[in-house]
Amino acid sequence: MYRTVSDHLQRSDSDQHLRQGQCLTCSQGHTSSLILQTLEGGSICLVCLSNLISNPNSPTVHVSYALSQFSHAISQPIFLHNLLTYHPHFLVSPLITTIASFEDEPLAKQTIDLISELCSSGDCSIYGEFVARVSDRLSSGSLSWSRRQIYMLHCLGVLLDSQKNDPYTYIKEKDALYMNLVTGLQLPSEEIQGEILFVLYKMCVIQHGWLGNINGDALCGHSSKILHLSLEALLKTQRDDVRMNCIALLSVLARRGFFENAFENDDEADNFMETTEHELEKTPLNLLFAEAIKSPLLSSDSEVQTATLDLIVLYLSCGGVSEKEVQVLVEENIADYVFEILRLSGCKKDSLVSSSLQVLDMLSVAEVAFKQRLAIGFTTLVPVLRYVAEVPFHPVQCQSLKLVSECVSNCPGIISSFNIEEISLVITGMLKKHVDGDANMLPETFTLVCSVLVALMKSPSSQSLAKSLEDASRYTITICLSYYAGHSSQMLNSLYLLKEAYEYSFETNTIHSNYKELRDCILDICETKLLPWVSMSINEIDEDIALGVLELFHSILIQTDFHPKKFVDVLVSSSWFSFSFGCLGLFPTEKMKWRVYFLLSSILDVILGNDSGQPVRDVALHLPSDPIDLLFLLGQKGSHNQEVFCCQSAVLLILYTSSLYDDRLADDRMVLASLEQYILLNNTEILGGIVKPLIMEVLINLYALYRGLAKITYQIPYSQDAENTLFHLVTEIPIDTLSTRIHRISLKWLFQQERICKYLCGQILRWCRRCIIYGSQIVVCNDTETLKFKEIAELVASGDNYGAKLVVCLLTELLEENGHEDDIILLLNMIASVITLFPAASGQLCLNGISLAIQNVYHHHSSSGEIFNATCQLVFTILQSVDSESLSDDEDWITVSTELMHYLISTITENGCTQEALLVMGILSLILHHSLHQNLLEASKTIPLNTQLISLVNETIHEACLKGPALYDHDESTQTGEALIFFLMLNYFCLRSVQVVLPGIEDAHSLLDSENRNQQSLFYISIRCHDLCRLLHFGSPPVKLISSYCLLELFQRITEQKSKEPDKVKVKQDTHHMRSIISVLQGLIFHSDIRVATNCALCISMAVVWLNQAEKDIWYQLITQELVMTLAVSGLASKSIMIHCKPAVEIAVLMLKLEQVPKWISDVFDDSCISGIIQNLSAGSITREMVMLFRELIRSGHLNSKHIACLNQLFQACRRRVYSEDSKDDETEDRKKNMVVFPDDLGKVYEVLISLISPESSPNEGLLEEIEVFCETLMETE
């Protein structure tokens, strides 16, 4: 068979070698055509090889050696080519015979490997012949079930596994082959079963792949036995390789529908092995399947587990499996096995997780049986859910969410708060990734996410869910709005989630901040996202989506524990009524009508209160869908038809509420005409009391609105008869018009009707009784009444209606008719609050005679402390806010001031300086302040000339001066300090007022004289200069401040007198008295309050001018040097430093203005210092005082051309800055003018008076003017 050639034989080339080989013969003399040469120089005789391997008596070692040599030879391309070209089928039969002749396993394996190599190298005919011969051997059963049969089975399996062309066609006796294979499956050998199962698996796959499902195929006749025997083998085997083959076969059979056929006709089985068949039939197929898959599910091989799970999926997917079969699997604990697989796997293998969840999802069909298993395995699902959520588009995301949702819904008691929190975080994370674009989400997944969140909300342990729901709500609505065009169905799920989340925020502990934040979050979503979207997209969305949005909004409004007024305001302010009727036009269905009108009724409940929407709910389905039809309905006579009458009430409520937000449902002409027709046709019913009070209030306010609109446009006609009828109804029926919310145009029109002034006075009084108003705060009131008060106050201030007159008439009426004290107090507080809110109202009240009413209050009700105090607060509020031009100098204010002074003197005499007395002192100060504008002159004259008041002022000042240094402790917190402060302010205003109201009698110079301090005081309120200096030196900060202003005013009066009458007014020079005054003033130049320091500096300036002795005082030199050093140091010349240096600048300017400028001035203001000062200044830090200083420096010749050039540039930049800031300063000034302080405590009274004494000025005030003066001075010097 095999012969080697001498190694010494030389080979010129391969061709020569082959030619030589062709002439050779083997030792047996076989022809050379059957001898093939190898590259090594040897040769193989195919005949000898065939005889050796096919002879059962040949030694196995020889056969093995020969096969190995042949295998080596065919690895050579030339040898293989010659073999396949000339003798392709020669060794087919011998090789098959070899497998059938020897029971040596290595030899069989060697032979099968050789056959496989030949099949892969040769053409299909070789492969087909091998398949045919092997299958024939197996079909004939000639080998029985020996080891050789196993090798033959393995060989067929290898051949079928290579699947070259269509091997199934080469099998001739298919039926016999199947019968032998089925017989072999019943043998107890796992090895045989494994080989048979693999062969059957490959045959089924090949047959199905090439021929499809052919009912006439031989496999169909044996399918039932194969199923049962395969399951039996799977049940008994302990080998994973056998399990894999069995599972593979069962999977193919399941795909081909054999399980389904078996369920349909379990009796159609072959009669082969009747006894075994009888035993198999004892166990139904479903039970057998359940038992068979348990062992592979417990296998340590994850591939076996995965394949088994996939088999279960195929089994449950076939059409013949009913819920009963599924229930069998559940009852056989298959679900428990799957949960255990998930628990042990730890989500390390994705295929195992996916298959497990698919099985559990299909087992969940048997709801009752599966429920208990799901509850037990739920803890395993949570980490699985977290795992699949991390993978975008994971194939079993939906299944995991569905299982979680079923467990939470069906078994809520077993879910812990920790599980709920973990699940909610996972789901929120999924939504966030979808929103951020990191991982998209299928629509089915989104639906399940919403379902899980809703199920979690309904769990008993859902207390920690609020924060996650807040995030999830925002994410879901963002997703829906972003992807609405492609997945509109998601919106319904999101709306349902929002609805349930809002209800959830009320079901648990609503006090916790998380639930309030969740509620606010949902309301914000509805206001900022849903409402704008649905308003813009209503023409593009489906009716179901529109209904879903309306249902969500309605569910928010019907919560009994909470009425979201802000949300309702936003909703109605977006023209919701018009939008609602637009929905009725787009979707004319009963369902939409019911939803729209019920939502509108809930809006009425929130806006109007007291279940006001019930009339709309009662007739919701009877109301038309068109607003024009509503107006037609309104114009009918309601007494003829009770249904029409009820509908008219609903129509009025709808029109009225929509009009509050300027949401017009129809043309103004049509609405007014319908209202007039309703009034004229139904006036009898209205007078008869059939119409409810609320509807009457709505009718009046609605009619007033459209009459007010008609007055604005001057184009809408109206019926005088309807107006007369309405006014008659108003006077005949007690209707509380101001009890409901009213449009400002309605209120204004009513306040413009003089015919119903008496009625309106009563309405105002009723409104005051409902609300407790004090100052700028409405203490007891709702939001509606607060808004109404602002509207009333605005009308009182506007002057184009009878608002101010109504208030004054009502107060006068209460006083004349001895009205109840509480009513008077309420009205006084209300008037004061109106002025606080709208200061212009004080002018209107004064023009309508409020002073006479105030006089009557003081005259007839001064005994009542509360009324007196409320009146004083009102008077103070009026006087601080009113323009002086609105005050008339008549007897009323004279009487008021006289009454107040009488009260003040008697109260201080009897009880000391009480809070009420000090408030009266503040009022007197304001009266004096108005005299400066040539108003209230007669009333002001009585104040400074009152001898008793003069005596009180002198006594108070004298007692304060006697305290000496101890006076500092008597500040505004003490009674003495408080009284002193108010007496000083009264003195200040008297000092300023005297020169206006009593010109010619003022003798300010006498207050400076101290030769005879015990001389009789002047005949008007005044404080001597030396007393003011004592108060200035020893007093508390407020006392120092007011004393400095009093002293400054006194010095200014003296300076004016001295300029007018220089011969008459002379100040004695070099007196101890003047030196002491100047010393006190000098000591306060560096006071922390810049106002005090500046006032003292100004007083020094005037005193030095009087005395003309400053050059001898080194104190001024020190102040000037300190100023220059501060300004010249780099980095210190900021705006705050400039302000702080104002007093010192005044002193420096004073020194420069003297007739004889001190010699040290030139040393202080040298070129280097001036250059340093200018260099440190900026356009933002320069002040008016600094410009004055430079003006005096240039006048005195201390500035050179370089200094002047720098200053010109600086002033130019300063002008630009001031011009840009002027508009802002004007706005700030306007706001300050419009601010009115209610004097409910003396601190506020003090603030008002101090603001008049020391008004806050703009930093730029007088700056531009001073720059112009500087420029003029510069031109003069040049």
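Along each chain, residues carry numbers from 1 onward, in the same order as the chain's sequence is written. Two thresholds apply to this predicted model, a pLDDT of at least 70 for residue-level local features and 80 or more for giving and counting side-chain atom pairs, whereas whole-chain, interface and lining totals are computed over all residues. Side-chain numbers come from the whole structure's heavy atoms, not from hydrogens or water.

The chain has the name Protein PRD1 in an unreviewed UniProt entry, where Deinandra increscens subsp. villosa is given as its organism.

Focus: the overall build of the chain
A run of H or I in DSSP becomes a helix once it reaches four residues, and a run of E becomes a strand once it reaches two; helices and strands are each numbered from the N terminus. Counting secondary structure elements, the chain contains 64 helices and five strands. Relative accessibility decides the category of a residue: with a 1.4 Å probe and only protein chains considered, values under 20% of the type maximum give buried, values over 50% give exposed, and everything between is partly exposed. Out of the 1278 residues in the chain, the part that is buried amounts to 55%. Pairs of residues are marked as contacts when any of their non-hydrogen atoms sit within 4.5 Å. Partitioning the intrachain contacts of the chain with sequence separation of at least 6 by distance along the chain shows that 75% fall at a separation of at least 24. Per-residue accessibility takes into account occlusion by the displayed protein chains alone, with areas from the Shrake-Rupley method and a 1.4 Å probe. Here the chain displays about 54100 Å² of accessible surface, and carbon together with sulfur accounts for 50% of that area.

As for the nonpolar core
By nonpolar core we mean a set of buried residues, namely Ala, Val, Leu, Ile, Met, Phe, Trp, Tyr and Cys, connected to one another through side-chain atoms within 4.5 Å. Membership of the largest hydrophobic core comes to 442 residues, with the highest contact counts inside it found for Phe 70, Phe 553, Ile 603 and Leu 623. In this structure, Leu 623 is in contact with Lys 593, Tyr 597, Val 616, Leu 630, Leu 633, Cys 647, Ala 650, Val 651 and Ile 654, ignoring residues within four places of it in sequence. Core analysis: the second largest hydrophobic core is formed by six residues, Leu 34, Ile 35, Val 47 and Cys 48 among them.

Some thoughts on helix 3 (residues 60-74)
To estimate the expected span of a helix, count its residues, drop one, and scale the result by 1.5 Å. If you check helix 3, its first and last C-alpha atoms are 21 Å apart, about what 15 residues at 1.5 Å a residue would give, namely 21 Å. Within the sequence span of helix 3, burial applies to Val 63, Ala 66, Leu 67, Phe 70, Ala 73 and Ile 74. Here the buried residues of helix 3 occupy an arc of 120° about the axis, which is enough to place them on one side. Buried residues in helix 3 make contact with strand 3 (43-45), helix 2 (46-54), helix 4 (77-86), helix 5 (92-101) and helix 6 (105-121). The arc in question is formed by the directions pointing from the helix axis toward the C-beta atoms.

Some words on the packing of helix 35 (residues 668-687) against helix 37 (residues 720-732)
Helix-helix packing is described using two parameters, namely the angle between the two axes and the distance between the axes. Only the contacting stretch of a helix is used when fitting its axis, a line to C-alpha atoms as for every element, and angles between N-to-C directions run 0 to 180 degrees. Between helix 35 and helix 37, whose axes approach to 9 Å, the crossing angle comes to 30°. Overall, the two elements helix 35 and helix 37 adopt an arrangement that is roughly parallel. Remark: the crossing between helix 35 and helix 37 carries left-handed chirality. Taken together, the residues of helix 37 that come into contact with helix 35 (itself represented by Glu 676, Ile 679, Leu 680, Asn 683, Ile 686 and Leu 687) are Asp 721, Ala 722, Thr 725, Leu 726, His 728, Leu 729 and Glu 732. Here the term charged refers only to Asp, Glu, Lys and Arg, the term nonpolar to Ala, Val, Leu, Ile, Met, Phe, Trp, Tyr, Cys and Pro, and the term polar to all other amino acids, Gly among them. Taken together, the residues of the contact of helix 35 with helix 37 break down into seven nonpolar, three polar and three charged. Roughly parallel covers angles under 35 degrees, roughly antiparallel covers those over 145, roughly perpendicular covers 65 to 115, and oblique covers all other angles. By definition, turning the near helix anticlockwise from the far helix through less than a right angle yields a left-handed crossing, and turning it clockwise yields a right-handed one.

Some details on the pattern of salt bridges
Whenever a carboxyl oxygen of Asp or Glu lies within 4 Å of a side-chain nitrogen of Lys or Arg, that contact is scored as a salt bridge. Within this structure, the stated rule accounts for 44 salt bridges. Ionic pairing is found between Lys 402 and Asp 361, a salt bridge with its closest N-O pair at 3.2 Å. In this pair, Lys 402 is assigned in helix 22 (residues 397-410) and Asp 361 in helix 20 (residues 350-363), connecting sequence segments 41 residues apart. A relative accessible area of 16% places Asp 361 in the buried class. Taken together, the shared-partner salt bridges connect Arg 992, Glu 1049, Arg 1053 and Glu 1056 into one network.

Topic: helix 22
Between the first and last C-alpha of helix 22 there are 20 Å, a value that for 14 residues agrees with the 20 Å anticipated at 1.5 Å per step. Burial of helix 22 is extensive: ten of the 14 residues sit out of reach of the surface. Structurally, helix 22 contributes buried residues whose contacts are with helix 20, helix 21 (367-389), helix 23 (417-436) and helix 24 (443-457).

A few points about the side chain of Glu 129
Checked against the element boundaries, Glu 129 lands in helix 7 (residues 124-140). In protein, a polar contact means a hydrogen-donor-capable atom and an acceptor-capable atom, both N or O and within 3.5 Å, with residues adjacent in sequence counting only if both atoms are side-chain atoms; elsewhere, any N or O pair within 3.5 Å suffices. A distance of 2.4 Å separates a polar atom in the side chain of Glu 129 from a polar atom in the side chain of His 89. Apart from residues lying up to four places away in sequence, Glu 129 is in contact with His 89 and Val 92.

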